[in-house]
Structures are given as structure tokens and as C-alpha cells.
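Here are the chains, one letter per residue:
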Amino acid sequence: MRWSGQQLDGTGASGRPALPGMASVRGFLRTVTSPEFAGVRFHEVTAKTVLNRVPADSAMPFRWTVNPYRGCTHACVYCYARNTHTYLDLDTGEGFDRDVVVKVNAGEALRRDLSRPSWRGEHVALGTNTDPYQRAEGRYRLMPGIIGALVESRTEFSVLTKGTLLRRDLPLLVEAASRVRLGLGVSLAVYDDELQQALEPGTPSAAARLALVRAVRDADLPCGVMLAPVLPWLTDSVPALDDALAWLAEAGATGVTVLPLHLRPGAKEWFAQWLRRHRPDLVARYTELYGRGAYVPAAYREFLADRVAPLLRRHGFAPAGSGTVVRGQEGEFPLGSLPAPAPPSPLVEQPALFDA
């Protein structure tokens, strides 16, 4: 792929990588910078495998994931994946936003993974760690190859994204849906433009993501929405939630899951710095709410569920039969964001051995 004004900061075995931590990464090729992505370094690697097994004790409703990128220019302050950068001796704050590992052969590696005789076409989820449609995808174009590999192997899959680059691949996804079961999801929780830019400075606007939901639905594909994370005292007011659900209903979302913010190590420290700068009046409240761990107490989950339930009914997202989730536990996904279950096989009436 061509990079306008590119600069190579390292050339793998024949040069020193830009960051010491990258020296230990198997398959490291080079580090690329470009004026088009000011301040961002892309560390290109080749991967032997890209298919990751989800731990057996996980609450997630799938057992396999693919992440073509590590690190994310969406730069969401609260991103739970930040701590994964410590595995590469990279910074979980600005480093997570600005040092992105790119598995440049992701499509080819996935084809190898899925060609194994042991593969059974189980659900593969994309976008569960870092976003496959972050801005870099516009340059690297890894997703078409990944989608192709999944379809060729008759593997059902799902995509969760904040990136409007998914619209580029809608024709591929429409074709894929004719051959395999799939689900599409959009993450969208902050509808105030000023707050969104402060919390998620690299993401498309709320209006752009609502337009993405409409485009997916216009293509006759499902699109569930993660109304997540809901941030206590920032986005959990009745007017904010009511407006959000009204816009999602108008856009045609097939289901909604409402999840409160959780703050894992890496994200917790980075978010605390943001809070001290932008909302010092909330520091004590957040310390009390998240002082004992990454998740809000059960009392807050119940409070949020009770607040959201009548709003869901008002906007046609009643929990019964809609796939909408209001209890806020990990592993809950809205209707449309995961492949629909296979229809039951019709019963074949067996001939009677003896006539009555």
C-alpha cells in the first residue's frame, strides 16, 4: 500500500525498530509514519495466526476472535483494551492511541487458520478488542480479505465497530450474508458533540454513526447498537438516554444493549487523569463508585436498568422479543449484532412399522 510522505522509522531485522518493545515482536517488519496520521506510528508485522481463542470461562457468546490491529486511533479514554499494550512494553495512555500494530497479512493468515481440518465454522467475532474499522483500515484494507476468508470457509461472523469505514464494505457484507450467517453492531453512547470529542477524539461523530446504522439497515442487513458505555453523571440522565434511544429507533437499529462504564487496569488510570482535567467535580464520586474494582456496584446497574426500561418501551425497544438488554452485564449483545441462530431442522415423519 502507498503512504503519502511516508517515513520508515525501522526496518525489522535490517534496522532498529522505533520502540524497544517492538524488537521482541515476532514477524516485525517496519514502523511507518505519515503526515496523514500526525503523531501516529504504525508497526507492521506478519502474523502466523490471527484466530484467537476466547477463554472458556468468559461470558462472551463466542469462542473465537480476530483483531487485525492492536492499539486504536479512536483514542477512547475509557477503552478497556488499553492494558493489552503492556504485553508489548508499550504505553497504555497515549501509546495505545498512537502506536498501532498492524497485522498486514491478516487475510492470508486467517485463510490458513480456517483451512485446518479441525475447523468447524464456529462464530468468529471482530471488533471485540480494537476496532477493525479504525482510520488505518482506509489505508491497509485488511477487512475485505478477512471477510473473504470467513465466507470462503463458511464461517459465521460478527463485526462491532465505531468506524464509518464499514460502509465501504457493505456490498461485500451483503454478498457474505447470502452465504453465511452474520451480525453487525455499532457502538454509540455519547451524543453530545463536545463531550464526544473530549472522550473519543478519534471517532466519527454521533451523526455519522447514526447514518451508518441507517445505511446498514437500508442494505437489508441487521444492525444492533451498543449504547455503551453509559458514563455515570455524564451520559446517564433521562433526557440523554431518551434522546439517544429516539435517534436509534429512527435510524432503524434492530436491538439495543445498555451497558454502564467499566474501568479495567490501564483504562482506569487514563480515565482518572481525564476526569481530573475535565470534570474534577466528579473525581470523588467516581472514586467511590469504582474504588473496589472495574465494575459499578449492583445498585448502580439496577438504577440504570430501572431508568432505561420505560424509555426502551417508549421507543419500541421493549425487552420482550426485541433482543434489548438492560441489566448491563458483560457478554450481552443486542439483536442483530450477532449471527442469528440457525433455524431448527424440520422434523421428518417416520413411516409407521405397522398399520393401525
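In this text, all values refer to a predicted model and were calculated from it rather than measured experimentally. (Residues numbered from 1 in each chain as written. Predicted model: local features only at pLDDT ≥ 70, side-chain atom pairs only at ≥ 80, totals over all residues. Heavy atoms only, no water.)

Asks: So what's going on with helix α10 (residues 283-290)? Which residues, and what values?
Replies: Within α10, burial applies to Y286, L289 and Y290. All buried residues of α10 lie within an arc of 80° about the axis, which places them on one face of the element. Counted as exposed and oriented over 90 degrees from the buried face of α10: A284 and E288. On the buried face of α10, the contacting elements are α9 (267-278) and α11 (298-314). (Buried < 20%, exposed > 50% of the residue type's maximum accessible area, 1.4 Å probe, protein only. Helix = DSSP H or I, 4+ residues; strand = E, 2+ residues; numbered from the N terminus. Arc of directions from axis to C-beta. Contact = heavy atoms within 4.5 Å.)

Asks: How would you summarise α9 if you had to cite specific residues and measurements?
Replies: Compared with the 16 Å implied by 1.5 Å per residue over twelve residues, the 16 Å span of α9 between its first and last C-alpha is a close match. Burial in α9 covers these residues: A267, W270, F271, W274 and L275. The buried residues of α9 occupy an angular sector of 140° when projected down its axis, which confines them to one face. Exposed residues pointing more than 90 degrees away from the buried face of α9 are listed as R276 and R277. Along its buried surface, α9 packs onto α1 (94-98), α6 (193-199) and α10. (Expected span 1.5 Å × (residues − 1).)

Asks: Lay out the pairing of strand β10 (residues 182-187) with the relevant residues and their values.
Replies: β10 sits mainly inside the fold: six of its six residues count as buried. Residues L182, L184 and V186 of β10 are buried on one face, and the alternating residues G183, G185 and S187, pointing to the opposite face, are buried as well. Pairing analysis gives five bridges linking strand β9 (residues 157-161) to β10, with the strands arranged parallel. Paired with S158 across the bridge in β10 is G183. Once the chain exits β9 it traverses helix α5 (residues 170-177) before rejoining the sheet at β10, and the crossover so formed is right-handed. Relative to strand β11 (residues 224-230), β10 is paired through three bridges, and the arrangement is parallel. The residue bridging G185 from the neighbouring strand is G224, located in β11. (Pairing = 2+ DSSP bridges. Right-handed = clockwise from strand over helix to strand, strands pointing away.)

Asks: Talk me through the nonpolar core; I want residue IDs and the actual numbers.
Replies: F157 and F271 are the most contacted members of the largest nonpolar core, which has 89 residues in total. Beyond its immediate chain neighbours, meaning those up to four positions away, F271 contacts V77, Y78, L199, L231, L261, L263 and Y286. F62, A125, L160 and M226 belong to the second-largest nonpolar core, a separate cluster that totals eight residues. (Core = buried A, V, L, I, M, F, W, Y, C linked by side-chain atoms within 4.5 Å.)

Asks: I'd like to hear about the sheet that holds strand β12 (residues 255-260), residue by residue, with values.
Replies: The strand order across the open sheet built from seven strands is β4-β5-β8-β9-β10-β11-β12, with neighbouring strands paired in mixed fashion. Only two strands of the sheet have a single partner each, and these edge strands are β4 (51-53) and β12. Taking each pair of neighbouring strands and ignoring which way they run, the sheet shows an average axis angle of 25°. Its contacts with the sheet put helix α7 (residues 206-218) on β9, β10 and β11, and the angle it makes with β10 is roughly 160°. Strands β11 and β12 of the sheet are contacted by α11, whose axis makes an angle of about 145° with β12. (Axes fitted to C-alpha atoms, helices over the stretch in contact; angles between N-to-C directions.)

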